[in-house]
Amino acid sequence: MNAIAVFCGSSPGNDSVFEETAVELGQLLAREKIKLVYGGAKVGLMGTVANAALEEGGEVVGVLPHFLSSKEIAHEALTELILVDSMHDRKLKMHDLCQGVIALPGGYGTLEEVFEFITWGQLGLHSKPTGVFNVNGFYDSLLTFLDETVQKGFLKRSNREMLLDSISCQDLLQQMKDYKPPQIAKWISKDEV
């Protein structure tokens, strides 16, 4: 695994543990010689994870839509900054550049990105691992909700297990290295409900 995309908030959140964890992840990726691919901004957790990787000597590639670069949030000190036309183009480019995804805490954008990426995997469009770094229980409610979608027949257990999670940076990275995608179809028949 030589490149991981990190989806995370353009805000820092209101607990210092979120930024501390972003620093930990950025440093770990750099030490492991894993390129960080992220959204290209200098603000929030995005800027924090990028700065941590850069300070540790890591390679950091940002992917930013033109309309956001004009708002003066582009990180100017990256290994490479790729400008694209749209948010969708950003996800496609990040997908092309990475072998897996980790989501730190974030809002709508982070959730949308991680869910689109894992949906592509569920549909067999890629076999890359997707994980959430469950900092301070941030993703507990989401993971419980996904378990309920299995109980209610909208998601197969094997597809639910595609979304990796951990409270440990090192553990999540190891799960990603060990990941094997499910070999069954996404669709649920009446017999399986």
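Reading the values: rules and limits
- Residues numbered from 1 in each chain as written.
- Predicted model: local features only at pLDDT ≥ 70, side-chain atom pairs only at ≥ 80, totals over all residues.
- Heavy atoms only, no water.
- 1 Å grid on protein atoms, 1.4 Å probe; cavity = no way out; pocket = protein on both sides within 12 Å on 5 of 7 lines; lining within 4 Å.
- Points joined across faces, edges and corners; volume = space filled by probe spheres on them.
- Helix = DSSP H or I, 4+ residues; strand = E, 2+ residues; numbered from the N terminus.
- Nonpolar A, V, L, I, M, F, W, Y, C, P; charged D, E, K, R; others polar.
- Contact = heavy atoms within 4.5 Å.
- Axes fitted to C-alpha atoms, helices over the stretch in contact; angles between N-to-C directions.
- Parallel < 35°, antiparallel > 145°, perpendicular 65-115°, else oblique.
- Left-handed = near helix turned anticlockwise from the far one by under 90°.
- Phe/Tyr/Trp six-rings, centres within 6.5 Å; stacked < 30°, edge-to-face > 60°.
- Buried < 20%, exposed > 50% of the residue type's maximum accessible area, 1.4 Å probe, protein only.
- Pairing = 2+ DSSP bridges.

**Q** Which residues make up the layout of surface pockets, and what values do they have?
**A** Size it by volume and the largest pocket reaches roughly 310 Å³. The wall of the largest pocket is formed by 22 residues, among which Cys-8, Gly-9, Ser-10, Met-46 and Gly-109 lie closest to the centre. At the level of elements, strand 1 (3-7), helix 3 (66-69), helix 4 (87-97) and helix 5 (108-122) are the ones that each hand at least two residues to the lining of the largest pocket. Across the lining of the largest pocket, the residue classes break down as 12 nonpolar, eight polar and two charged. Space inside the second largest pocket adds up to approximately 200 Å³. Put simply, the parts of the chain that give the lining of the second largest pocket at least two residues each are helix 5, helix 6 (140-151) and helix 7 (157-160).

**Q** Could you give me a rundown of the side chain of Thr-48, with the residues and numbers involved?
**A** Note on placement: Thr-48 falls in helix 2 (residues 44-55). When sequence neighbours within four positions are dropped, the list of residues in contact with Thr-48 reads Glu-19, Ala-22 and Val-23.

**Q** Outline the packing of helix 4 against helix 5, supporting the account with residue identities and numerical values.
**A** Put simply, helix 4 and helix 5 touch, their axes get as near as 11 Å, and they point 55° apart. In terms of their interaxial angle, helix 4 and helix 5 are classed as oblique. For the element pair helix 4 and helix 5, the recorded crossing hand is right-handed. Two secondary-structure elements touch here, helix 4 through His-88, Arg-90, Lys-91, Leu-92 and His-95 and helix 5 through Glu-112, Glu-113, Glu-116, Phe-117 and Trp-120. The class makeup of the residues in the contact of helix 4 with helix 5 is three nonpolar, two polar and five charged.

**Q** Go over the packing of aromatic side chains with me, naming the residues and quoting the values.
**A** Centre-to-centre distance and the angle between the planes together describe a pair of aromatic rings. If you walk through the whole model with that rule in mind, you get three aromatic pairs. Look at Phe-18 and Phe-138: their rings are 5.8 Å apart centre to centre, the planes differ by 80°, and that puts the pair in the edge-to-face class. Of the two residues, Phe-18 sits in helix 1 (residues 16-31) while Phe-138 sits in the loop between strand 6 (130-133) and helix 6, which places them 120 residues apart along the sequence. On the basis of relative accessibility, which here comes to 11%, the residue Phe-18 falls in the buried class. Taken together, a centroid distance of 4.9 Å and an interplanar angle of 85° make the contact between Phe-138 and Tyr-139 edge-to-face. For Phe-138, a relative accessible area of 35% puts it in the partly exposed group. Taken together, the ring pairs in this structure connect Phe-18, Phe-138 and Tyr-139 into an aromatic cluster.

**Q** Could you give me a rundown of the sheet that holds strand 3 (residues 60-65), with the residues and numbers involved?
**A** The strand order across the open sheet formed by seven strands is 4-3-2-1-5-6-7, and the pairing between neighbours is parallel. Sheet topology places strand 4 (80-84) and strand 7 (163-166) at the edges, where each strand pairs with a single neighbour. Averaged over all pairs of adjacent strands, the angle between their axes in this sheet comes to 25°, without regard to strand direction. Bridge count between strand 5 (residues 101-103) and strand 6: three bridges; the pairing is parallel. Bridge pairing links Ala-103 to Val-132 in strand 6. Against the sheet, helix 8 (residues 169-178) touches strand 1, strand 5, strand 6 and strand 7, its axis set at about 155° to strand 7.

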